Every structure is written in C-alpha cells, then in structure tokens.
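Understanding the architecture of this molecule
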Amino acid sequence: MNAFTPSAAVTELSLRSLFDAQHRASRAQVEVPLALRRDRLQRMRRLLDEHGAALALAVQADFGVRSPQLTEIADMFVLRTLLSHTLKHLPKWVKPVKVSTPIYLQPSSAWLQRQPLGVVGVISPWNYPVQLALAPAITALAAGNRVMLKPSELTPRTSALMGQLIGQAFAADEFCVVEGDAALAAAFTHLPFDHLVFTGSTATGRKVAEAAAANLTPTTLELGGKSPCIVDASSDFDSVALKIAHGKLLNAGQTCIAPDYVLVPEGREAAFGEAFAGAVARLFPTIAGNPDYAAIISPRHHERLQALLAQAEGEGARLQVLNPGGGVADQASRQMAPVLVFGTTLAMKLMDEEIFGPVLPVLPYATLDEAIGYINDRPRPLALYWFGTDTAARDAVLARTVSGGVTVNDTLMHIAHDNLPFGGVGDSGWGAYHGETGFLRFTQQKPVLVSSKWARGDLFYPPYGKRFDQIMGLLKRWL
C-alpha cells in the first residue's frame, strides 16, 4: 500500500462515453433474466471473498488508523448479509405481481411487471467506503440495472482498488467505477441517469438533487442530520452508556447514524458522564495507538472538530475529555479522544451542524414532552434512539417523532436488519434501500391491464343517456 499511485482521472468526455455505453446496453436488453442478475451478484460475492482482506488494508491505509476488523464488520459483513438475503429472495422479487381487478373492469386481468430502470448512478462517501459504495450497487444490479459508481476521492486507495477489481469482474457497460475529484462528481450528477443515489452531507445533497432535477432524474439521498438519543429515567445508565458509546465511537463517530446528542433526565448529567467514561474505557482501554479506534479521515476534518469544541468552550460549555490509558496520539495519526460536552447553547455550531466525530453533547430535559419538543423543533433526523423500560414513554416517542429509522435500547442496529428499509426523511434524505424496498426503489413497476373480450368498457362510451345514468347509479350502490 505504500507504493500507491493514483489512477488516471476520468475526463468529462470519457465519463459521458461510459454513460452512453451503459445507456445503449440497457435499452438493447430491457429484459434482464434472473440467471444474469444472479450471476452478477455471485461475481460480487467472489470479489469480496477473494479480495476483502486487500480492500480492508486499502481502507486502513486511507484512514491512517482503522483496523481491518472494523472494516470487516462495518463494511464486508454488511455486504455479505445483503448479498445472501438478496440472492435468497430475488426469484420471488422479480416475478410479476398479480393485482385484483375492480368489478367495473372485470373480467379483465392486471399485474405489475417489475422491470429495470436502466442506468443507476451511485455517488458514495468515504466513511464506510466499501459498504456505502457497493450496497446500493448490489441492489441496483439485482434489479437488473447497469451501474456507474463514483467513490470518494478522500479514500483514493480504496477507490482505486475497487475500480480495478470491478473492472476485472464486470464489463464496463454492466458496472464501472469512475475516479476523480469534486469537479468530476459534479459532472457525474448532470448525467441523465435513470436513477441517482447519493450518500453524504445534506448541503451537498441539495446540490445533487438540483443537478438531477434538470434531467428529471429520480434520486435517493442518504444524508445525515443530528440523530438524538433519549435516555429515559427508567433506564440503567451503565448499560445505556456502553451502547451509546459503541454507536458514537464506531469509526470515531464518522457514521451517518451515529448519536449526535444525548437527552438525559435533568440532574443526571454527571451520572451519565461517569457511566460513559467507564464505557469508553471498556471499549478502548487506550486511544493513542489503538488500531480499533479509527483516525479522523483528514487534517481538515480534524481541524473542523477542534474548532467546534473551541467555540463551544469559549461560549461557556464544559468539556469532558475521555482518554483512558493516557498518552497523546501523534498529530499525524489524527486519533481524537472522545469528548462529552455539557452546558451547550443553541448558538454553538456543534448544536447546529452534524458533528461526524467523537464529540457528544449531553442535554438535560425536565419532562418527556420537553425532550420530544426539542427534537421536533429541529430538522427530522436520520436515526433516533430511545433507552428505557417504560413502554408508555417509548410508545409516546415513537408516535410523536418522525425520523428515518429507530433502534430501541441500542444504537445503529436497525441498519443491519435486511427486512427494514434504510433511508432518511426531510433534511436527512429521501428514498430508502435495503431488502425488497431497495429492489423496488431501482425497479419500474409497470402496471399492465389485459382487457377481456367479455369486458364492457363500451358501457362508458358516449353518447351518454338513460342507459349510462342507470349503470352509474348501479355502480354507485356497489362502490
């Protein structure tokens, strides 16, 4: 990995040529047999089985510090379960779906014919650079589409290796990877895809949606937002703190559904801080030099997090830095110790921006209504987490808040359930994939009505008169 040489950047002209080739291929083969779809998924499975270790090492090299085991669980395992689930259910998903026919159209028959959209574009982020690139691609391939993938330039080794491996396993008009900077990504969004998937920040998601709209390209936007945790008074703080610490500090907080702030019962902030410190020490006995504790992806991102903390502390917040084992990470490693923040105000940037790092504000609430109100006064989050044993309080939170997804008494785990869709709402995105929901996201469900020779549609033809009035009167009584 030390001898890494970046691939030659794709030009806008070659980008368009790749798209045109996929577009022609998708129109020449509208019907994509189940056997071919399964073959493409099996090629992807072999790619992961044979080269997963190399991909994990590429991710480690791009981050500087990130253990291959973290990539195995957060990237490879998720993809393997997705492939297994999709291969198992794909024969059922591709079949036409018969629908009942209303009495006024009988004895005609009707069904939904499930067809590929055509060419799907995927723009993936750097934080889980294998999973978030290949998961939507796998689902789009299962739906019979061609796929163009633009991975992040912030993980160049991973992107280059994915491009090489996919180029070996797939024809360019089936599935291809294009590498380049933000300018190429912008050009990518202007291609007239049949569907475009973007995973990243809300600010960039707005630009992607605007560019796609010029071509009337439908989009799936997997964005971010400030995902809250509500710790109920009925909960056990030690157990809760461990689960929140794991969800927050996985990949050093660089996770779109990581807890962004914690609401705890008023007066128990210190107790939560103590429990959280114990949880951090259990998960990460040391921070500096610990391969299980990922680095912040770049100096720019590290500086941004430090600036958020400096501004908060300068405006009166109290910081609790958690550094079990002591020691100081060298500047190059960018291993940032977890920080709890108490006494925040709405004027602080870390209460407005998605944090995307190991910084966790702790906010007190006096009543459940106050906690729910705080969440509802802000853009709808990608995820919400509730902890406790009071089912009435739990159900109140579920009924009175809207979020992309929820895990109760844990964090992150709803994303691992293959039968649950994953997606955002409002500022945290739109559209969802995973499982059959994802398959249908990349599928045109074409409605088909086959009229019977016995059908009497002519009863509704003009000229209208007494017979028409009688028929309509009869139908009104039946409906």
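An account of the accompanying structure is given in this report.

About the criteria used
Residues numbered from 1 in each chain as written. Predicted model: local features only at pLDDT ≥ 70, side-chain atom pairs only at ≥ 80, totals over all residues. Heavy atoms only, no water. Helix = DSSP H or I, 4+ residues; strand = E, 2+ residues; numbered from the N terminus. Rg over C-alpha atoms; globule rule 2.2 N^0.38 Å. Buried < 20%, exposed > 50% of the residue type's maximum accessible area, 1.4 Å probe, protein only. Contact = heavy atoms within 4.5 Å. Areas by Shrake-Rupley, 256 points an atom, 1.4 Å probe, with all protein chains shown as cover. Lys, Arg positive; Asp, Glu negative; His and termini not counted. Charge placed at Lys NZ, Arg CZ, Asp CG, Glu CD. Salt bridge = Lys/Arg side-chain N within 4 Å of Asp/Glu carboxyl O. Phe/Tyr/Trp six-rings, centres within 6.5 Å; stacked < 30°, edge-to-face > 60°. Lys NZ or Arg CZ within 6 Å of the ring centre and 35° of its normal. Patch = residues over 30% accessible without salt bridge, like charges linked within 9 Å, V, L, I, M, F, W, Y side chains within 5 Å. Pairing = 2+ DSSP bridges. Axes fitted to C-alpha atoms, helices over the stretch in contact; angles between N-to-C directions.

From N to C terminus, the protein chain includes 14 helices and 18 strands. Taken over C-alpha atoms, the radius of gyration comes to 26 Å for the protein chain, in line with the 23 Å a tight globule of 479 residues would show. With the principal axes as the frame, the protein chain shows a C-alpha extent of 85 × 60 × 35 Å. Here the protein chain, with 479 residues, has 52% of them falling under the buried criterion. Partitioning the intrachain contacts of the protein chain with sequence separation of at least 6 by distance along the chain shows that 74% fall at a separation of at least 24. Just so you have it, the protein chain exposes about 21100 Å², and 56% of that area is on carbon and sulfur atoms. For the protein chain, the distance from the average site of its 43 positive side-chain charges to the average site of its 43 negative ones is 12 Å.

For the rest of this paragraph, the subject is unusual backbone geometry. The omega torsion across Q106 and P107 is 10 degrees, close enough to zero to call that bond cis. Considering the arrangement of structural elements, one finds P107 in the loop between β1 (97-99) and β2 (109-116). The omega angle of the peptide bond from P462 to P463 is 5 degrees, so this bond is cis rather than trans. Along the chain, P463 turns up in the loop between β18 (443-450) and α14 (466-478). Of note in this structure, L216 is not a glycine but carries a positive phi near 55 degrees. Turning to its location among the elements, L216 is positioned in the loop between α7 (202-213) and β7 (219-222). By relative accessible area, L216 is classed as exposed at 76%.

It is possible for side chains of opposite charge to pair when their charged atoms get near one another. Under the defined criterion, the tally for this structure stands at 18 salt bridges. The salt bridge partner of D395 is R394, with a shortest N-O separation of 2.9 Å. Through salt bridges that share partners, D39, R40, R43 and E174 make up one connected network.

A few words on the packing of aromatic side chains. Tallied over the entire structure, the rule returns 12 aromatic pairs. Measuring from centroid to centroid gives 5.6 Å for W126 and F356, while their planes differ by 90 degrees, and the two rings are edge-to-face. Taken together, the positions of W126 in the loop between β3 (119-123) and α4 (131-142) and F356 in the loop between β11 (339-342) and β12 (359-365) put the pair 230 residues apart, joining distant regions of the chain. Here F356 falls in the partly exposed class, since its relative accessible area comes to 21%. Here the aromatic rings of F170 and F175 are separated by 5.3 Å at their centres, their planes lie at 70 degrees, and the arrangement is edge-to-face. Looking at F170, the relative accessible area reads 4%, which means it is buried. Given the relative accessible area of 1%, F175 is considered buried. By the ring-pair criterion, three or more aromatic residues cluster together here, those being F19, F188 and F193. Positioned above the aromatic ring of F237 is the side chain of R268, whose terminal nitrogen or guanidinium carbon lies 4.0 Å from the ring centre.

A separate point is a nonpolar patch on the surface. A cluster of nonpolar residues, I103, Y104, L105, L449, L474, W478 and L479, forms a patch on the protein surface that exposes about 710 Å² of accessible area. Within the secondary structure, L105 is located in the loop between β1 and β2. Owing to a relative accessible area of 33%, L105 belongs among the partly exposed residues under this scheme.

A few words now on the pairing of β2. Remark: a regular strand shows side chains that alternate across the two faces of the sheet. With 3 bridges joining them, β1 and β2 adopt antiparallel strand pairing. The partner of K98 across the bridge, within β2, is W111. As paired elements, β2 and β18 share 8 bridges and run antiparallel to each other. Within the sheet, the bridge partner assigned to P116 lies in β18 and is T443.

Further remarks concern the sheet that holds strand β6 (residues 195-199). The sheet built from 6 strands is open, its strands ordered β5-β4-β3-β6-β7-β16 with mixed pairing. Since the sheet does not close on itself, it has two edges, and those belong to β5 (175-177) and β16 (429-430), each with one partner. Of the strand pairs in this sheet, strand β4 (residues 146-150) and β5 are connected by 3 bridges, and their pairing is parallel. Bridging from a neighbouring strand, V147 pairs with F175 of β5. Against the sheet, helix α1 (residues 12-28) contacts β3, β4 and β5, and its axis sits at roughly 160 degrees relative to β4.

Geometric descriptors of this kind do not, in isolation, establish any biological role.
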